[in-house]
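# A look at the structure
Spelled out, the chains give:
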Amino acid sequence: MINWASFGIVALATLIGAVTVVGMYSLGVRLWAVSADAGTSAHRTARSGAIACFAVCGAAVLYGIYLIVPFFH
Amino acid sequence: MDLTFIVVLVIALALFFDFTNGFHDTANAMATPIATGAIKPRTAVALAAILNLVGAFLSTEVAKTISGGIIREGEGGVSITPELIFAGLLGAVLWNLFTWLLGLPSSSSHALFGGLIGAAVVGTWGFDAVDFAVVLSKVILPAILAPAIAGGVAYLCTKLAYGITRRTDPDSGDKLVQKRGGFRYGQIFSSSLVALAHGTNDAQKTMGVITLVLIASGLQTAGTGPHLWVVAACAVAIAAGTYAGGWRIIRTLGSGLTDVKPAQGFAAETSTAAAILASSHLGFALSTTHVASGSVIGSGLGRTGSTVRWGAIGKIGLAWLFTLPAAAIVGGLAAWLASPTHGFGTTGLVVSAVIGLAAMVFIFILSQRETVDHSNAVSEVDAVGEAVHIPSKKERERLAARARLAEKAAAKAAAKAAEMADIRAQALAAVERADTAALIAMTAAAERAKTDAREERAAAKEAKTAAHQAAHEAGGKGAGKASGKAAVNTPANATKSAIGDATEDVGTGNVGVGNVTDNSEDKA
């Protein structure tokens, strides 16, 4: 019958991966929007926070690709 | 000679299957970014093609496990012959083209499995050749679970994305300009990731089939991976197919299931990519088509206010149900024609190839009656044009914000007006009260004045009486002519003047007194 263990692992990996990437990217979009607001004192902090979020996002994606390419293992 | 011919035929058909797979699945990666206007249609398919090409070279893990024990080989099973694979491929290709004509995203992997199963069953004239337990666990259950996983994750991600980026004014709770434009750029990356994942997954299936043929015909030793030229040919075929673009299916996925917004698209694609990459890495076979469709539906459910067209989803579900049996029937038919024992051998093979080709041409001619290409695939979006579409949305937000502001101002003005009206009413009431008071005061004053006048008159009467008396007294001496003027004046004066006058004219003096008396009576 179906391999429920591997199904569970796939579901969990999908959830963690997608939620991480979408969450971080959303946070980046939000911080970017905040930094674009005129007259905010936290302008610079928000902008660098947004960039950090996007970087984490990119790193997560690259790590995912690294995992699936057998050439690297 | 014979063997080489059939091998070449199978390889050609396999590469054509890869091509149909490519343009069938372009939609999985690129439908949503095209629908939201994140990438221009032409650029999108070019990008997807390149990434499929790259992805096909990245990993060949899936290729090694293509048949995956579904078809029992060797003892008690069936020996996989090139004819069998040819029949299976024919079924898969025809079903792929048919669903493309209808614009339905159906799984190319299912079509391939179906074709191979049908061919195996007919080729051995019995169901023993197929391990249906494996079919259930590797094909049918994943077909239900894959959209469920991807849809559920996409639903959560969409909620998450909208929740994090929801911006409201802390004071008034009013919605600010949301500024979710960043997701449009994110979509370019997320859809690229899906295309890459597709390349690592689906191109492998064809590589596996070609390798299978090469092994079956003794041109390659069993247990070795696909040759480099096989990998390259498959990568090019799937990239070319992707570039050709299945615009009909893009239309269905891009706008047929739900109206996709950039944040939704991003969430859906990230979920799709994560699911495909996870499954192909962890050895749980998922169909990219099922995953992508599930994600789009999940993200449609996740955004408040978006509509999900269940009718269209039902149609796709039916196509999914029919994919395996339909491809199996075609595959079985072809296998029967080509079977050396029950059919017509090589002649049958050629006949089935010709019939298959004719069917492909027929479907292609049918598709030309109503062409769907990059210019009209997602017509609503394309017609408006992304240059107009994006600002118009922003403008709508701005207009809405302005409308809200105006509403607020109007409400404030109304409140102020009400206040003013209240004050005015109070003032009016006060004025009225003042008026009444003034009237009362005036009446009272008039009353008082009347009383005064009466008193005066009474005093005048007294004076008159006194004057009369004085006149009488004076009249007693023959001079009773007290004039009115004298009478009104002090009695002493009156007496004096009366005395003076009386001596001059007694007759007029009488008349004068009579006049004064009359007047006094009138006034009283």
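Below is a short write-up of the structure. The residue numbering used here restarts from 1 in each chain and proceeds along that chain's sequence as written. Both sets of labels track the order of writing: A upward for chains, 1 upward for ligands. Owing to the predicted nature of the model, reporting of local features is limited to residues with pLDDT of at least 70; listing and counting of side-chain atom pairs is limited to 80 or more, with chain, interface and lining totals taken over all residues. Water and hydrogen atoms were dropped before computing side-chain values, which therefore reflect all heavy atoms in the structure.

## Observations concerning the overall build of chain B
A run of H or I in DSSP counts as a helix once it spans at least four residues, and a run of E counts as a strand once it spans at least two, with each numbered from the N terminus. From N to C terminus, chain B includes 17 helices and 0 strands. For chain B, the proportion of its 524 residues judged to be buried stands at 49%. We call two residues contacting when some pair of their heavy atoms lies within 4.5 Å. Across chain B, the fraction of contacts at a sequence separation of at least 24, relative to all contacts at a separation of at least 6, is 81%. For chain B, the accessible area works out to roughly 24500 Å², and carbon and sulfur atoms hold 65% of it. Three labels apply to residues, based on accessible area from a 1.4 Å probe with only protein chains included: buried if under 20% of the type maximum, exposed if over 50%, partly exposed otherwise in between. The Shrake-Rupley method, run with a 1.4 Å probe, gives the accessible areas here. Residue values count only the displayed protein chains as cover.

## Looking at the packing of aromatic side chains
When the centres of two rings from Phe, Tyr and Trp lie within 6.5 Å, Trp using its six-membered ring, the rings pair. Their planes under 30 degrees apart give stacked, over 60 give edge-to-face, and anything left gives tilted. What the rule picks out here adds up to 7 aromatic pairs over all chains. Ring centres of F183 of chain B and F266 of chain B lie 5.7 Å apart, and the angle between their planes is 50 degrees; on these two criteria the pair is classed as tilted. With a gap of 83 residues between them, F183 of chain B in helix α6 (residues 182-216) and F266 of chain B in helix α9 (residues 262-282) connect regions that are remote in the sequence. F266 of chain B shares its class with F183 of chain B; the two are buried. Cluster of aromatic residues (ring-pair linked, three or more members): Y25 and F54 of chain A together with F183 and F266 of chain B. Between the NZ or CZ atom of R47 of chain A and the centre of the ring of W32 of chain A, over which it lies, the distance is 3.9 Å. Cation placement over rings: the criterion is NZ of Lys or CZ of Arg within 6 Å of the ring centroid and within 35° of the ring normal.

## Examining the interface of chain A and chain B
Between chain A and chain B, the residue contacts involve 32 residues of the former and 40 residues of the latter. Any Lys or Arg side-chain nitrogen located within 4 Å of an Asp or Glu carboxyl oxygen qualifies as a salt bridge. The interface formed by chain A and chain B holds 0 salt bridges in total. Pairs of N or O atoms within 3.5 Å make up the polar contacts considered here, provided that, within protein, one atom can donate a hydrogen while the other can accept it, and that residues adjacent in sequence are counted only when both atoms are side-chain atoms. The interface formed by chain A and chain B includes 2 residue pairs in polar contact (both at pLDDT 80 or more). Listed by contribution, the elements that provide at least two residues to the side of chain A that touches chain B are α1 (4-36) and α2 (43-68) of chain A. Broken down by element, the residue count for the side of chain A that touches chain B peaks at 22 residues, all from α1 of chain A. Each residue is assigned to one of three groups, with Ala, Val, Leu, Ile, Met, Phe, Trp, Tyr, Cys and Pro labelled nonpolar, Asp, Glu, Lys and Arg labelled charged, and all others, Gly among them, labelled polar. Residues that form the side of chain A that touches chain B fall into these classes: 25 nonpolar, 5 polar and 2 charged.

## Description of helix α10 (residues 288-302) of chain B
Each helix should span, by expectation, one fewer than its residue count multiplied by 1.5 Å. Taking 1.5 Å of rise per residue, 15 residues should cover 21 Å, and α10 of chain B covers 21 Å from first to last C-alpha, within 8% of that figure. For α10 of chain B, the buried fraction is high: 14 of the 15 residues fall into the buried class.

## What about the packing of helix α3 (residues 82-102) of chain B against helix α11 (residues 310-338) of chain B?
Residue and element names in this part refer to chain B. Between the N-to-C directions of two axes lies an angle of 0 to 180 degrees, each axis being a line fitted to C-alpha atoms and, for a helix, fitted only over the stretch in contact. Direction vectors running N to C along α3 and α11 enclose 140 degrees, while the axes themselves pass 7 Å from each other. The orientation of α3 with respect to α11, classified from their angle, is oblique. The interaxial crossing formed by α3 with α11 has right-handed handedness. Taking contact as the criterion, the partners of A87, L90, G91, A92, L94 and W95 in α3 are, on α11, A319, F322, T323, A326, A327, V330, G331, A334 and A335. Of the residues belonging to the contact of α3 with α11, the class tally is 12 nonpolar, 3 polar and no charged. Reported orientations rely on four angle classes, namely roughly parallel under 35 degrees, roughly antiparallel over 145, roughly perpendicular from 65 to 115, and oblique for the rest. Handedness of a helix crossing follows the sense of rotation of the near helix relative to the far helix, less than a right angle counterclockwise being left-handed and clockwise being right-handed.

## Notes on the environment of L47 of chain B
Residues and elements named next belong to chain B. Mapped onto the elements, L47 comes out in helix α2 (residues 41-58). In this structure the C-alpha to C-alpha distance between L47 and L196, which are 149 residues apart in sequence, comes to 9.8 Å. Leaving out residues up to four positions away in the same chain, L47 has contacts with M30, I39, I188 and S192.

## Re a nonpolar patch on the surface
Residues and elements named next belong to chain A. Patches in this entry comprise residues that are over 30% relatively accessible and not in a salt bridge; like charges within 9 Å are linked, as are nonpolar side chains (Val, Leu, Ile, Met, Phe, Trp, Tyr) within 5 Å. Where nonpolar side chains cluster on the molecular surface, the patch consists of Y63, Y66, F71 and F72 and spans about 510 Å² of accessible area. Among the structural elements, F72 can be located in the segment after α2. Note on F72: relative accessible area 46%, which makes it partly exposed.

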